[in-house]
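So the chains spell out like this:
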Amino acid sequence: MNATLLLNATFEPMKVIPWQRAITLLFLGKAELVEQYDDIVRSVNDALPMPSVVRLRRYARQERRVTFSRLNVYRRDGFACQYCGAQPSVSALTLDHVTPRSRGGATSWTNVVACCSSCNAKKADRTPDEARMTLARKPERPHSMPLVSAAEHKHPRWGDYLG
């Protein structure tokens with residue numbers, strides 16, 4: 001249904017949570033409502049506005065280490081193919097091992113890039129040099145990454161908080 005943007009006490013975006021979790025945080029007094037959707041959530045005894053943006057009342061320390069995942073590789077690479085620059089839908093993106101796994105290439109930040117399916121098929125089981133393809137940039141481990149990407153969630157009410 002509707003997702004909710006969770007802000008830290010300092011108004012920094014933390015992550016996107018289900019609206020049900022946001023209601024729980026509000027009910028427990030751990031968060032306050034900042035923005036709301038037009039919908040109403042009804043229970044037997046209450047009617048509450050559907051939360052769009054909530055802010056934690058107390059500051060929560062965040063782990064800044066970026067874990068390796070498919071989505072985080074896509075985020076690092078701007079949801080674009082690192083060979084041709086195309087920006088297909090997320091479902092059409094794939095991961096490509098720069099040094100193929102069959103040649104000892106690891107599944108790591110420094111060897112995996114976002115790639116469209118046509119470039120991935122063209123490169124196949126070769127290195128970029130062998131396939132005569134160039135990378136837009138060398139893959140590196142990100143030091144930090146926005147926890148919420150504006151490319152992922154384009155709710156108009158979140159614009160002021162995603163910067």
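Above: the structure in question.
What is the right way to look at the overall build of the chain in this model?
Helix and strand counts for the chain come out as four helices and six strands. Here the C-alpha atoms of the chain give a radius of gyration of 20 Å, more than 25% beyond the 15 Å that 2.2 N^0.38 yields for 163 residues. Each of the three principal axes of the chain carries a C-alpha extent, and together these read 65 × 30 × 25 Å. Here the chain holds 163 residues, and 38% of them are scored as buried.

Would you explain the pairing of strand 6 (residues 112–116) in this entry?
Regular strands have side chains that alternate between both faces of the sheet. Most of strand 6 is tucked away: five of the five residues are buried. Along strand 6, one buried face is formed by Val112, Ala114 and Cys116 and the opposite face, lined by Val113 and Cys115, is buried too.

Teacher, can you tell me more about the nonpolar core here?
One recurring pattern in soluble globular proteins is that nonpolar side chains are buried together. Counting eleven residues, the largest nonpolar core consists of Ala3, Leu5, Leu7, Trp19, Ile23, Tyr37, Val41, Met50, Val53, Trp158 and Tyr161. Tallying contributions element by element places strand 1 (residues 3–7) first for this core, with three residues. Setting aside anything within four residues of it in sequence, one finds Leu7 in contact with Glu12, Pro13, Met14, Val53, Val54, Arg55, Leu56 and Tyr161. Judged by nonpolar contacts, the second largest core, of nine residues, contains Cys81, Tyr83, Cys116 and Ala131.

Cut-off values and rules
Residues numbered from 1 in each chain as written. Predicted model: local features only at pLDDT ≥ 70, side-chain atom pairs only at ≥ 80, totals over all residues. Heavy atoms only, no water. Helix = DSSP H or I, 4+ residues; strand = E, 2+ residues; numbered from the N terminus. Rg over C-alpha atoms; globule rule 2.2 N^0.38 Å. Buried < 20%, exposed > 50% of the residue type's maximum accessible area, 1.4 Å probe, protein only. Core = buried A, V, L, I, M, F, W, Y, C linked by side-chain atoms within 4.5 Å. Contact = heavy atoms within 4.5 Å.

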